[in-house]
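Fold and geometry: a report
The chain contents come next:
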Amino acid sequence: MIRLLVLDSGVGGLTVLDEIRRARPDAEVLYVADDAWFPYGALADDALVARVVDLVTALCAERRPDAVVIACNTASTLVLDPLRSRLPVPIVGTVPAIKPAAAASQTKRFSVLATPGTVARDYTRALIASHAAGCDVALVAAPMLAAHAEAELAGAPVPDEALAAAIAPCFVERDGTRTDAVVLACTHYPLLAERFARLAPWPVAWLDPAPAIARRVVSLLGTGDADTPAGTGAIRFTSGRAPAPSLARALAARGLARADG
Ligand code: DGL
């Protein structure tokens, strides 16, 4: 049995949690949705670092996890070093899947769809410089998409036009080549992936980092023992608000019980 702490600003990290629980069904997981501070993508850098370091430090003291998963690109592109320098526990981050996109793209033209925070980060630009030097990369900031994903799970989906407008800048046709891959560089976006695929002006590969995060957890903590009983899952909302009925059903379907703290 392993104990994991998984953090995001909201329900986006559930896309990562699903893969982790598939890989380690024996894990005892606390998922923390820091909805009191949502959206992280709109926060100033120093405010975000201070918030996440304080929250994760307190949660580690309370839960003593074997690993912490920051299931959020907006936070990971900023807080991994400060967390690792303060806490002895392994910290697994979620950062834009730029290296896999450069490998997957045949046209060498791909897009990175992310929050304004992630798009602005030196970390993101350094990933492009190191791993996608031969590619034409469009960095697309989407200020509202994480909120649209929250609305989708809460049973109040936004109209197609809003999603189509948000993803439109990802689709570039220039010099006889087209974008053929889009990095979903915010963990909320896979919640909208089916709608994105339907609204896309042409088919592309949509790259979701969640399976790679689960593999990283397994490489750190092992595959577990097939005989170990199934673990438990709990979710805490830092706002203390009760989830909307549709979200409550989605959480129940994942076997996530409310954990107050
Ligand atoms: N889920 C977060 C990410 O991966 C972002 C959402 C937010 O802006 O709070 O970037």
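The structure this text deals with has already been given above.
For the structure given in this document, a descriptive report is provided here. It should be emphasised that the depicted structure is a prediction, and the values quoted were computed from it without experimental measurement.

**Thoughts on the site of the ligand**
The immediate surroundings of the ligand are formed by 14 residues, with S9, Y40, T74, T187 and H188 found nearest. For the ligand, an oxygen atom lies 2.8 Å from a polar atom in the backbone of N73. T74 is positioned such that a nitrogen or oxygen atom in its side chain is 2.5 Å from an oxygen atom of the ligand. When the ligand sits alone it has 300 Å² of accessible area, and the protein chains cover 99% of it. Taken together, the residues that form the shell around the ligand break down as six nonpolar, seven polar and one charged.

**Regarding the sheet that holds strand β6 (residues 136–141)**
Strands pair in a sheet through their backbones, by hydrogen bonds, and they do so in one of two ways: parallel or antiparallel. Strand order in the open sheet made by the four strands is β6-β5-β9-β10, with parallel pairing throughout. Edge strands, defined here as strands with exactly one partner in the open sheet, are β6 and β10 (205–207). Across the sheet, the axes of successive neighbouring strands diverge by a mean angle of 20°, strand direction being ignored. In this sheet, strand β9 (residues 181–184) lies alongside strand β5 (residues 109–114) in parallel orientation, the contact comprising four bridges.

**Some points on the sheet that holds strand β3 (residues 67–70)**
If you trace the six strands from one edge of the open sheet to the other, you get β4-β3-β1-β2-β11-β12, paired in parallel fashion. Each edge of the sheet is formed by a strand with only one pairing partner; in this case those strands are β4 (91–92) and β12 (256–258). Inspection of the sheet shows β3 paired to β4 by two bridges, in the parallel sense. Bridging from a neighbouring strand, V69 pairs with V92 of β4. Most of the contacts of helix α2 (residues 45–63) go to strand β1 (residues 3–8), to which it runs at about 160°, and overall it touches β1, β2 (28–33), β3 and β11 (233–237).

What counts, and at which threshold
Residues numbered from 1 in each chain as written. Predicted model: local features only at pLDDT ≥ 70, side-chain atom pairs only at ≥ 80, totals over all residues. Heavy atoms only, no water. Near = heavy atom within 4 Å. Polar contact = N/O pair within 3.5 Å; in protein donor to acceptor, adjacent residues only side chain to side chain. Areas by Shrake-Rupley, 256 points an atom, 1.4 Å probe, with all protein chains shown as cover. Nonpolar A, V, L, I, M, F, W, Y, C, P; charged D, E, K, R; others polar. Pairing = 2+ DSSP bridges. Helix = DSSP H or I, 4+ residues; strand = E, 2+ residues; numbered from the N terminus. Axes fitted to C-alpha atoms, helices over the stretch in contact; angles between N-to-C directions. Contact = heavy atoms within 4.5 Å.

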